[in-house]
There are 2 protein chains.
Amino acid sequence: MQLVPSPRIRTTPFHRSVGRAGVTDATVYNKMLLPTSFGDPAAEYDRLINAVSIWDVSAERQVEVRGPDADTCVQYLTARDLSKMKHGQGKYVAMCDHQGRILNDPVLLKLADRYWFSLADSDMLLWVKAIAAERGFDVTVTEPDVSPLALQGPNAESLVGELFGAHIKDLKYFWFIETELTAPNGPDIPLVLCRSGWSKQGGFELFLRDSSRGEELWDILMTAGAPYGIGPGGPNNIERVESGLLSWGGDTTPDSNPFEAGMGRYVDVDISADYIGKAALAEVARTGPARLLVGLMIDTEPGQVEAWPLDERTPVYSTGGDPVGTMSTVVRSPRLDATLAIAQVKTEVVEARLPVEVDAPDGRRTATVRQLPFL
Amino acid sequence: MQLVPSPRIRTTPFHRSVGRAGVTDATVYNKMLLPTSFGDPAAEYDRLINAVSIWDVSAERQVEVRGPDADTCVQYLTARDLSKMKHGQGKYVAMCDHQGRILNDPVLLKLADRYWFSLADSDMLLWVKAIAAERGFDVTVTEPDVSPLALQGPNAESLVGELFGAHIKDLKYFWFIETELTAPNGPDIPLVLCRSGWSKQGGFELFLRDSSRGEELWDILMTAGAPYGIGPGGPNNIERVESGLLSWGGDTTPDSNPFEAGMGRYVDVDISADYIGKAALAEVARTGPARLLVGLMIDTEPGQVEAWPLDERTPVYSTGGDPVGTMSTVVRSPRLDATLAIAQVKTEVVEARLPVEVDAPDGRRTATVRQLPFL
C-alpha cells in the first residue's frame, strides 16, 4: 500500500537526502517517517553485515527531562536501578505502567544536565508530562530537536574514528560523548555520538542536535564513508531477528511485562527507590512470567516458502493443535540458511522443550523453540 | 512510498474486506492502518457528496473510562463543561496539557456506565492512565474492542434507517444508541450507532463492539447499501478542507491551543470544576490567541498547478515576504472550482484582512484569508 503524504506524519531532517538515495519503503514510528528499504534488500543486508550502513532513525524521538527533580523523576519512570548511572552513560530500560506492563523500551542517556529517553514507538511524551505534572516534580519535559542517524556494520568504527578521532574506540557500549563534527561549509555540527544502534553488527548513533543540518551531516558521512563501502539502509528485520533484538509493540502485546519480553535482567525490584509498576513487577519476579519471548526455527524443505510478511500476529500451536503463543515476524536468515521467527510462547512449553507448529502460506509447519539470539 | 507490513502497525477488523475492495492508499493513525483511497479519487469524492461512502475508521481508537470516579476523571481531562452531559450524548472536546496545549480533539461519548474518548491520532491511553493513576481516581482505563466504521454522504440516513429503523432519524448530531444489527449467519452484531463522522455530508459511525464480526458487518452494509450507491472510501481531504474540519497534528502544531485551532467555542473557562490546563486557557481567553486557523483561497490561473501534496507544513508570507504563518494542506475543490488550503496565520494578519502569499510548485502565489468552513 502507498503511504499518503500528510504533515501529521512528520518528515525528518534527512528526508531529502533519503529521497535522493532512492528510498522505496518506509514505516511510521512515533508519527514520523522511518525509511526501511532502498529497493535492494540483499545489498542492504550485505552492507550491514560486511561494511557499513547509514540509517535515518530520527523517528527514535527523545523525551528530555531536566530540572532540579530530574534524577528522582527519571528513576520513578524507570524499572531499573539508576543510582550509579554516570554522565555519558546510556542504559537500556523498561518504562512500565502501574500494573507492570511495558509502555516503551528506550535507551536512557544521562547528559550533563538532562536525561533523554530515546524511544521506541509510543508517545511517551504524554506519559512523562502527565506523571511529572501530577506528581509535582520540578522538571521540564520536552521533545528536543534531536534526530539520530545510525551508522551500523563492522566498518562503522573506522569511519567514525576517522571523523571524530581514534579516542572514540574507547567508548563502551551505550556510552556517548557530546561533541561536534567539522562541516566544510558552515559551523561545526552539534551532536551526541553514542555507541549504540538497533543491530548487533557494531556501530554508532549520531544524535543530530540541529535539524537544519541534516543534509550536510548525511553528505559528510556518505563522502567519508565511500572507502568503507557505505550505503543507505534502515533497521533490518532479518538481522534483528538473527540477533534477537526486541521490537516493542511488534513482538510484545499491550499486556506484556518486561520478564515476558526478555528484559527481566534489566528490571531491579529490590532497590529502595520507588518507581511505577514496582510492586507488580516484584510479583512477576516472584511467580515467574507466564510467557517467554523466544526464537522459532521453522522446518522448511526445499521448494517450500522460506519467509513471509506478517501484518498481524499469528498463532503458535502445540503439536496437538492447541494455541500456545503468537508469532510476530518470520524471516529467512542468509547466514544460517534457515527460516526464523520471533514469538511469545507459554513458559511451560518453552521449559519442556516441546516442538510447536505454525502456519505458513503453503501449510502448517513444525518448528523448534530456541533461545534468543540465534546468532 | 510503500508502507511495509508489521504487527506494530495494527490491522483492523475490516482489513480483509478493505483489501478485497481494492485499497491502494493508507495512512497510519494511532498505530493502526487507516485506508484513505481505493484508486479512484474522483469517484470517492463523488459518492461522498452525492451517495454514500463506507470508511474503515477503526483507527479512531477509544479510551474507555469507567468506575466510581469516572465523571470527575473525565471532566478533569476535558476543557469543556460536561455537567449537563446525558447518557446517549456525544460532545466534541479538547483534551489539553497543563499548559493548555491541545493533546487530542476527540468526540466524547457518555454510555450507560462508561465514557469513550473517540480519538484523533495520539496515544491518549498513556495520558489518561497516567493522570488517573497519579490522581488516585477510582476508575478503570482501557482501550476496548471497539472499531468505528463510517457511513458518510446524503444517502447514509436512508440506508441506516432501513437497517436500524426509522427512529434513527430522530438522533441528533453526536447522539448515539447502543444497539445491535441482525446478521444473516450469526447472532446479532453489537454496536453503538452515532450520528457523527469526519465529513459534513451527513452520516453515522457504527462503533463495532466485537472485532471478530468485522467482515460480516462490512458485507451487510455493502449489500444493503447497493441501491443507495455505496462504495468504499476513506476520510476525504478535499471535502474536509471545504468543510473546515480540523486535522489534529496536521493542521495544529504541538504548541497549538484550542483557541488557535478554531475550538474556542468548545472551551469553558468559567465553570467551577477543575480540569487540566484551565488556568492557561483562561489566560488565552483573556488575551486572545496569537494565531488563528483559517482557510486560504489561493489565486490560480488556468495552466497553473491546481493542488499539490504537502508532506510538511510550508510558510505563509505577507505580501512583503515576512513569514506570518504555516499552511498544512492544499486541495482543489470541485464544488468551488478553486484551490483551497488550511493554515495557521497570525491573528493581526487575519483581522486586518491582509492578502498573503504561499509557494506553489510552479512559483509564489497570492492568496486570500477566509473564515472556515469554505462550504
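Above this note sits the structure.
So, here is what we can say about the structure in this document. It should be emphasised that the depicted structure is a prediction, and the values quoted were computed from it without experimental measurement.

1. Overview of the nonpolar core
Among the nonpolar cores identified, the biggest contains 54 residues, and A:Phe117, A:Trp127, B:Phe117 and B:Trp127 are the most heavily contacted of them. Looking at this core, the elements that each hand over two or more residues are β5 (62-66), α3 (70-76), β10 (115-118) and α4 (124-135) of chain A together with β5 (62-66), α3 (70-76), β10 (115-118) and α4 (124-135) of chain B. Setting aside its immediate chain neighbours within four residues, A:Trp127 contacts A:Leu77, A:Cys96, A:Asp97, A:His98, A:Leu103, A:Ile276, B:Leu126, B:Lys129 and B:Ala130. Ranked by size, the runner-up nonpolar core spans 44 residues in total, among them A:Ala94, A:Val107, A:Ala120 and A:Val241.

2. Considerations on the sheet that holds β5(A)
Residue and element names in this part refer to chain A. Taken together, the five strands give an open sheet; going across it, the order is β6-β9-β10-β5-β11, and neighbouring strands pair in antiparallel fashion. Of all strands in the sheet, those bounded by a partner on one side alone are β6 (90-92) and β11 (140-142). The average undirected angle you get between the axes of adjacent strands in this sheet is 15°. Along the sheet, α4 makes contact with β5 and β11, crossing β11 at roughly 165°.

3. Comments concerning the pattern of salt bridges
On inspection of all chains with the given rule, the structure shows 48 salt bridges over all chains. The salt bridge involving A:Glu64 is made with A:Arg114; its shortest N-O contact spans 3.0 Å. Of this pair, A:Glu64 sits in strand β5 while A:Arg114 sits in the loop between β9 (107-110) and β10, and the two are 50 residues apart along the sequence. As far as the burial class goes, A:Glu64 and A:Arg114 line up, both buried. For B:Arg291, the salt bridge is made with B:Asp255, and the minimal N-O distance between the two is 3.4 Å. You can see B:Arg291 sitting in strand β17 (residues 291-298) and its partner B:Asp255 sitting in the loop between α7 (237-242) and α8 (278-287), a full 36 residues away along the chain. Owing to a relative accessible area of 45%, B:Asp255 belongs among the partly exposed residues under this scheme. Here the salt bridges share partners, and the residues they tie into one network are A:Glu64, A:Arg66, A:Asp113 and A:Arg114.

4. Some remarks on the sheet that holds strand β4 (residues 52-56) of chain A
Residue and element names in this part refer to chain A. Read across the open sheet, the six strands follow the order β13-β14-β15-β12-β4-β16; overall the sheet is mixed. Two strands bound the open sheet, and with one partner strand each, they are β13 (176-181) and β16 (230-233). Taking the axes of each pair of neighbouring strands and ignoring which way they run, one obtains an average angle of 30° across the sheet. Sheet contacts for helix α2 (residues 41-50): β4, β12 (147-152) and β16; angle to β16, the most-contacted strand, approximately 125°. Across the sheet, helix α5 (residues 156-164) touches β4, β12, β13, β14 (189-194), β15 (203-208) and β16, and the angle it forms with β15 is around 45°.

5. Some thoughts on the pairing of β15(A)
In regular strands, side chains alternate between the two faces of the sheet. Residue and element names in this part refer to chain A. In terms of burial, β15 is a largely internal element, six of the six residues being buried. The alternating pattern of β15 places Gly203, Glu205 and Phe207 and Phe204, Leu206 and Leu208 on opposite faces, both of which are buried. Of the pairings in the sheet, the one linking β12 to β15 comprises six bridges and is antiparallel in character. Looking across to β15, one finds that Ala150 is bridged to Glu205. With four bridges joining them, β14 and β15 adopt antiparallel strand pairing. The residue bridging Cys194 from the neighbouring strand is Glu205, located in β15.

6. What about α5(A)?
Restricting attention to buried positions, one finds in α5(A) the residues A:Ala156, A:Leu159, A:Val160, A:Gly161 and A:Phe164. Backbone geometry just downstream of α5(A) places A:Gly165 in the positive-phi region, at approximately 110°.

7. Notes on the interface of chain B and chain A
The interface of chain B with chain A comprises 50 residues on the first partner and 50 residues on the second. Approximately 4400 Å² of surface area, both sides summed, lies buried where chain B meets chain A, with 57% of it carried by carbon and sulfur atoms. Of all residues in chain B, B:Met1, B:Arg8 and B:Glu134 bury the most surface against chain A, accounting for 19% of the area lost on that side. The tally of links from chain B across to chain A stands at eight salt bridges. Taking the shortest distance from any N to any O, the salt bridge between A:Asp97 and B:Lys129 comes out at 2.7 Å. Across the chain B-chain A interface, the total number found is 29 residue pairs in polar contact (both at pLDDT 80 or more). Among the elements of the structure, β1 (2-3), α1 (15-20), β2 (25-29), β3 (32-37) and α4 of chain B are those that each provide at least two residues to the side of chain B that touches chain A. A breakdown of the residues in the side of chain B that touches chain A according to their chemical character gives 23 nonpolar, 13 polar and 14 charged. As defined by bridge partners, strand β2 (residues 25-29) of chain A adjoins β1(B) across two bridges and the pair is classed as parallel.

Scoring rules and cut-offs
- Residues numbered from 1 in each chain as written.
- Chains lettered and ligands numbered in written order.
- Predicted model: local features only at pLDDT ≥ 70, side-chain atom pairs only at ≥ 80, totals over all residues.
- Heavy atoms only, no water.
- Core = buried A, V, L, I, M, F, W, Y, C linked by side-chain atoms within 4.5 Å.
- Buried < 20%, exposed > 50% of the residue type's maximum accessible area, 1.4 Å probe, protein only.
- Helix = DSSP H or I, 4+ residues; strand = E, 2+ residues; numbered from the N terminus.
- Contact = heavy atoms within 4.5 Å.
- Pairing = 2+ DSSP bridges.
- Axes fitted to C-alpha atoms, helices over the stretch in contact; angles between N-to-C directions.
- Salt bridge = Lys/Arg side-chain N within 4 Å of Asp/Glu carboxyl O.
- Buried area = accessible area lost by both parts, 1.4 Å probe.
- Polar contact = N/O pair within 3.5 Å; in protein donor to acceptor, adjacent residues only side chain to side chain.
- Nonpolar A, V, L, I, M, F, W, Y, C, P; charged D, E, K, R; others polar.

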